Every structure is written in C-alpha cells, then in structure tokens.
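Here are the chains, one letter per residue:
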Amino acid sequence: SKIAHDGAELRKAFCGVFNYIAILCASVSIGMFVVAEDLVITLLGDQWYSAIPFFKWLALYGGLEGLIITTASFFVVLNKQKLMAYLGLLQISILVPVLIAVGHWFDVETIAMARTFVMIFYVVLVYVFIFRISSVALSDVLTAIWRPLIAALIMAWTVSYLHNPTYETHYASLAQDVTIGLIVFPTVLLTLWFIAGRPDGAEKTTLKVGWEQA
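Treat the numbers as computed from the prediction; the structure is a model and nothing was measured.

Caption draft 1: Fine view of the side chain of Thr 71. Position of Thr 71 relative to the elements: it lies in the loop between α3 (52-69) and α4 (72-77). Owing to a relative accessible area of 1%, Thr 71 belongs among the buried residues under this scheme.

Spelled out as structure tokens, the structure:
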C-alpha cells in the first residue's frame, strides 16, 4: 500500500512475489501431475485408481489458481476490488454453463479438463487487466515464469523417463520420483538462472539469504 502510487516500486514488488509464486505453482502442479498415479494410490488406495486422470487435471488447475489467488491483494492495493469481483463473476458465468454442458455429454475427466481450460482463460484475462491498470508488463510475467516452467517440464520428463514400474509398492516408486524431482527442479532452475545472467529474482534472493544464514 505504501508504494501503490510508485509505479516502478510497485512493479518491482509484484515481480518479486510473482517469481516465487511461479516457482511454487510450476513445481508443485506439474510435479503432482507426473506422480499422480503413485500419489493417489498411496494416499487413497487402489479403489481410487479411476480418479487418477481427474487428479492430474486438478493438479494443473491448482497451479493456475495459485497464479490468480496471489493477485487479489494487488487489485486491492490499486483500489480495483470491484474489477476483480467483476472478473470473478465473468469466470463463474462461463464456468457454470460449460460444466453443465460437458457434464451432460462427457465423463468426469473431461469435466476436469474443461474446468482447467476455463481457468487458463481466466488467468490470461486477469493478467491482461493487470497490464492495463498498472506498470506491470507482459515481459515482466514472462521473464519471471519461463525459468520455473522449463525447469518443471524438464523435471517431469526426467521423472517419467527414470520411473521404475517394477517396485513392489507405489510408496517406493513415489519416493524415488519425488527424490528425483527435488534434485532436478532446483538444479535446472539455478542453471537457467546462471545462463540468464543471474538476474534479480527469487533465485538470487534465496541464495543470498541462505548464504547469510550459513
């Protein structure tokens, strides 16, 4: 609120927070997508096997929703609460008829897919308005999100490639996949950060804090 009228500082603060959120959402949502089978069976049991495709789409939806939830305070700071409410109502007005139609003609997985695609539209819409009402630009968002997204995709490919389906339990398989993900994602993320010239952002701040505490 103190920097609401300072476009440069507001932009810097938004980008700093968004970078952390992008890292969290990309790693968790894509990570849960790729380990969905073992995770669902381990936590819920074999009887939930048919829910795995639904859970995968739900994981992606959660990541997208995370990118939206964090914008609420930004709209408040800019005194644009009504605009945020209108955008939310627009999303609901689209989501409800889409889910009714899809639910009538298709299965549960398709419903989850439809919900995810509507959320993609909503995310794009919200950020378009953020660009219009503030000094934040599309380039800021792309700069903050490309490294976490690529790192998460490489993590997903690595986990899938090294996945061992011969384990006796889903727990052991899940443990291996999670361990690989925890190694690959930060490694790739920091590598991309170095390649990009070590710009200001979540990686630099985290390393600085870690070094000072050490």
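Alright, that's what it looks like, and here's the rest.
Caption draft 2: Looking closely at the packing of aromatic side chains. In this structure the tally under the stated criterion is 7 aromatic pairs. For the ring pair Phe 18 and Tyr 127, a centre distance of 5.7 Å and an interplane angle of 65° mean the geometry is edge-to-face. Of this pair, Phe 18 sits in helix α1 (residues 7-34) while Tyr 127 sits in helix α6 (residues 108-133), placing them 109 residues apart in sequence. With a relative accessible area of 6%, Tyr 127 lands in the buried category. Taken together through their ring pairs, the aromatic side chains of Phe 14, Phe 18, Phe 74 and Tyr 127 make up a single cluster. Of note, Arg 115 hangs over the ring of Tyr 61, and the distance from its end group to the ring centre comes to 4.2 Å.

Conventions we followed
Residues numbered from 1 in each chain as written. Predicted model: local features only at pLDDT ≥ 70, side-chain atom pairs only at ≥ 80, totals over all residues. Heavy atoms only, no water. Helix = DSSP H or I, 4+ residues; strand = E, 2+ residues; numbered from the N terminus. Buried < 20%, exposed > 50% of the residue type's maximum accessible area, 1.4 Å probe, protein only. Phe/Tyr/Trp six-rings, centres within 6.5 Å; stacked < 30°, edge-to-face > 60°. Lys NZ or Arg CZ within 6 Å of the ring centre and 35° of its normal.

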